[in-house]
Amino acid sequence: MSESDCGHGVLLALDEAIAQYHRQLRPLPVQRAAPDVLRGQMLAQEVFAQVDLPMFTQSAVDGYALRSADTQAASAAQPARLPVVAEVRAGVEAAAPLAPGEAMRIFTGGRVPEGADTIARQEIVHRDGQHMLLAAALPAGTDIRPRGEELRAGARVASAGQRLHSGLIAALAMAGVGEVAAYRAPRVRVLITGDEISSAPAGGAQVFDANGPLTRSWFAERGYALPECRLVADTREELHAALREALDEADLVITTGGVSVGDYDLVRPVSVALGVKEIFWQVAQKPGKPLYFGLREEAGAQKVIMGLPGNPGAVLACLQVHVAEVLAALGAGERPCWRAGVLTAQLRADSREQLLRMRLALDETGRAQLTPLPRQASHMLSNMAQASALVRIAPGRAVQAGETAQWVALP
Ligand SMILES: Nc1nc2c(c(=O)[nH]1)N[C@H]1C(S)=C(S)[C@@H](COP(=O)(O)OP(=O)(O)OC[C@H]3O[C@@H](n4cnc5c(N)ncnc54)[C@H](O)[C@@H]3O)O[C@H]1N2
Ligand code: MOO
């Protein structure tokens, strides 16, 4: 295990913390239902088309179904003249096959009658009573969508680990997939600890709660149910009761605050008292050093506790970098997508890996340019109106402008 002693005691490297989530956590149980019922959840299986797509040979336009051979001699001077013997509406099969020398009126999505191999779109057709006139030859297959052109029954449409989003749900519906298996959505509880935290500060030493709105919004904007969230005082009794209930009812409990070394930092001792095993505490990152990851195994289920440090800047970084990985390990989300970008300013060295809020812009070649923002301290968040990327800066050495760094999109 990679650990560093950088003047803060022995801290776990950020990548090692991330590896621990994927080593320790199992995906949540699988449930089966219609894809749109499971929207937002991650597929637990490959999914295959139940039908050919298109399901039958269709007209791509409003026009006339006919045989290409009957148009081969057509010209402006001598148009092909065919009787329109029937109408094929979308959703209805022609009563009889198309005979040589005949045409049928047809509409977009209509099933091409047996015998027809071409559609003449109505803009190129002249109608004369019960006949249609066509002034040019049409190759076979014109404006036809052949059966199975897109997919054959049995072809794979989606893979395990993909999120059921609107476009994929529609693709599965088209392919006749009535039911899929997906990992159950996580039940999440949020506990905001701290005697000084209030939604309406009074008494001169209280502050507004930022972490509750931050955490709830973070989950909601990623398509998760809005987690239940409550303020908890810094007493062993109150935290014990709140954490016990949260662990009983949720798969993932997020706490903020109370996880450092102060006398009222009770999240870790109370977790131990509730049977939680500490997997790690303290990561070599800034902000978010006192991050805590604990696990309670019970009757085949895992209960996860992520103890986020109280500073709101640390909460933001830990949600983006750590909680997102936990959700991925639970089969409840995609792993954060880190990309390379170019720094526009030099940065001081720090003994911990830095997670910096930056402004992201694309240069004329489309390359990401990352500009550090002021007010980075972990108790500050007012640069969030300008921040669009969270950037990893490796510990130990100063970084020059023009160097490359990894970033993940904010929010
Ligand atoms: N002696 C040491 N002190 C501290 C260390 C250390 O290593 N040695 N680590 C520091 C670091 S780094 C961090 S980060 C913080 C984290 O401490 P806690 O997780 O125990 O968080 P609190 O002390 O409860 O709160 C920290 C800070 O954040 C404010 N806060 C908390 N919750 C909210 C909220 N919901 N909304 C807005 N602001 C909140 C709180 O008032 C404090 O100012 O510990 C350092 N100390
Ligand atoms: O780790 Mo803490 O640097 O203040 O968030």
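Please read these numbers as outputs of a predicted model, since none were measured by experiment.

**Looking at the overall build of the protein chain**
Alright, step 1. Of the regular secondary structure elements, the protein chain holds six helices and 28 strands.
Alright, step 2. Against the compact-globule benchmark of 22 Å for 411 residues, the protein chain has a radius of gyration of 31 Å, which places it well outside the compact range.
Alright, step 3. The dimensions of the protein chain, computed from C-alpha atoms along their principal axes, are 95 × 50 × 45 Å.
Alright, step 4. Out of the 411 residues in the protein chain, the part that is buried amounts to 45%.
Alright, step 5. Residue pairs in contact within the protein chain that sit at least 24 positions apart in sequence constitute 70% of those at least 6 positions apart.
Alright, step 6. For the protein chain, the accessible area works out to roughly 19100 Å², and carbon and sulfur atoms hold 51% of it.
Alright, step 7. Here the protein chain contributes 40 positive and 44 negative side-chain charges, whose respective centroids are spaced 1 Å apart.

**Looking at the packing of aromatic side chains**
Two aromatic rings, taken as a pair, are described by how far apart their centres are and by the angle between their planes.
Alright, step 1. Under the defined criterion, the tally for this structure stands at five aromatic pairs.
Alright, step 2. Consider the rings of Trp218 and Phe219, whose centres lie 5.2 Å apart with planes at 80 degrees: the pair is edge-to-face. When sorted by exposure, Trp218 lands in the same class as Phe219, which is buried.
Alright, step 3. Measuring from ring centre to ring centre gives 5.7 Å for Phe219 and Tyr224, while their planes differ by 70 degrees; the resulting arrangement is edge-to-face.
Alright, step 4. Owing to a relative accessible area of 0%, Phe219 belongs among the buried residues under this scheme.
Alright, step 5. According to the relative accessible area criterion, Tyr224 is buried, its value standing at 14%.
Alright, step 6. These aromatic residues form a ring-pair network of at least three members: Tyr21, Phe280 and Phe293.
Alright, step 7. Above the face of the Tyr224 ring, Arg163 is positioned so that its terminal group lies 5.8 Å from the ring centre.
Alright, step 8. The positively charged end of Arg392 is found above the aromatic ring belonging to Trp338, 5.6 Å away from the centroid.

**Observations concerning the site of ligand 1**
Alright, step 1. Close contacts around ligand 1 come from 19 residues, with Glu196, Asp209, Ala210, Lys289 and Gly310 the closest.
Alright, step 2. Here an oxygen atom of ligand 1 and a backbone polar atom of Gly258 are 3.1 Å apart.
Alright, step 3. With respect to ligand 1, the backbone of Val259 contributes an N or O atom lying 3.1 Å from an oxygen atom.
Alright, step 4. Expressed as a share of its isolated accessible area of 860 Å², the protein-covered part of ligand 1 is 69%.
Alright, step 5. Here the residues of the shell around ligand 1 sort into nine nonpolar, six polar and four charged.

**Points about the UniProt feature "domain: MoaB/Mog" (unreviewed entry) in the protein chain**
Alright, step 1. The sites that UniProt annotates as "domain: MoaB/Mog" (unreviewed entry) are residues 189-329.
Alright, step 2. The span residues 189-329 is 35% helical and 29% strand by assignment, and the distance between its end C-alpha atoms comes to 18 Å.

**Comments concerning the sheet that holds strand β9 (residues 118-121)**
Alright, step 1. Strand order in the open sheet made by the six strands is β9-β6-β8-β7-β11-β10, with mixed pairing throughout. For this open sheet the edge positions go to β9 and β10 (125-128), each flanked by a neighbour on one side alone. Averaged over all neighbouring strand pairs, the angle between strand axes comes to 40 degrees, with direction disregarded.
Alright, step 2. As judged from the four bridges shared by strand β6 (residues 63-66) and β9, these two strands associate in the antiparallel manner.

**Observations regarding the pattern of salt bridges**
Side-chain pairing between opposite charges can occur once the charged atoms of the two side chains come close.
Alright, step 1. Counted under the stated rule, the structure contains 24 salt bridges.
Alright, step 2. Close ionic contact of Arg147 with Asp52 constitutes a salt bridge, the shortest N to O distance being 2.8 Å. With Arg147 in the loop between β12 (144-145) and β13 (156-158) and Asp52 in the loop between β4 (47-48) and β5 (58-59), this pair connects stretches of sequence that are 95 residues apart.
Alright, step 3. Across the pair Glu249 and Arg189 runs a salt bridge, and its minimum N-O distance is 2.3 Å. A residue pair is termed long-range when its members are at least 10 positions apart, and Glu249 in helix α4 (residues 236-249) and Arg189 in strand β15 (residues 188-193) qualify at 60 residues.
Alright, step 4. Accessibility expressed as a relative area gives 41% for Glu249, which makes it partly exposed.

**Thoughts on the layout of surface pockets**
Alright, step 1. By volume, the largest pocket is sized at about 500 Å³.
Alright, step 2. If you go around the largest pocket, you meet 25 residues; those closest to its centre are Lys286, Pro287, Arg352, Ala377 and Ser378.
Alright, step 3. Sort the elements by how many residues they give to the lining of the largest pocket and strand β25 (residues 353-362) lands first, with three residues.
Alright, step 4. A per-class count over the lining of the largest pocket returns 10 nonpolar, nine polar and six charged.
Alright, step 5. Residue assignment places the lining of the largest pocket across two domains, with domain 1 (4-29 + 185-329) and domain 4 (339-409) each supplying three or more.
Alright, step 6. Computed from the structure, the second largest pocket encloses a volume of approximately 380 Å³.
Alright, step 7. Along the walls of the second largest pocket sit 18 residues, with Arg222, Ala324, Glu334, Arg335 and Pro336 positioned nearest its centre.

Rules used throughout
- Residues numbered from 1 in each chain as written.
- Chains lettered and ligands numbered in written order.
- Predicted model: local features only at pLDDT ≥ 70, side-chain atom pairs only at ≥ 80, totals over all residues.
- Heavy atoms only, no water.
- Helix = DSSP H or I, 4+ residues; strand = E, 2+ residues; numbered from the N terminus.
- Rg over C-alpha atoms; globule rule 2.2 N^0.38 Å.
- Buried < 20%, exposed > 50% of the residue type's maximum accessible area, 1.4 Å probe, protein only.
- Contact = heavy atoms within 4.5 Å.
- Areas by Shrake-Rupley, 256 points an atom, 1.4 Å probe, with all protein chains shown as cover.
- Lys, Arg positive; Asp, Glu negative; His and termini not counted.
- Charge placed at Lys NZ, Arg CZ, Asp CG, Glu CD.
- Phe/Tyr/Trp six-rings, centres within 6.5 Å; stacked < 30°, edge-to-face > 60°.
- Lys NZ or Arg CZ within 6 Å of the ring centre and 35° of its normal.
- Near = heavy atom within 4 Å.
- Polar contact = N/O pair within 3.5 Å; in protein donor to acceptor, adjacent residues only side chain to side chain.
- Nonpolar A, V, L, I, M, F, W, Y, C, P; charged D, E, K, R; others polar.
- UniProt positions renumbered as here; feature names shortened; annotations may be inferred.
- Pairing = 2+ DSSP bridges.
- Axes fitted to C-alpha atoms, helices over the stretch in contact; angles between N-to-C directions.
- Salt bridge = Lys/Arg side-chain N within 4 Å of Asp/Glu carboxyl O.
- 1 Å grid on protein atoms, 1.4 Å probe; cavity = no way out; pocket = protein on both sides within 12 Å on 5 of 7 lines; lining within 4 Å.
- Points joined across faces, edges and corners; volume = space filled by probe spheres on them.
- Domains from an automatic or database assignment.

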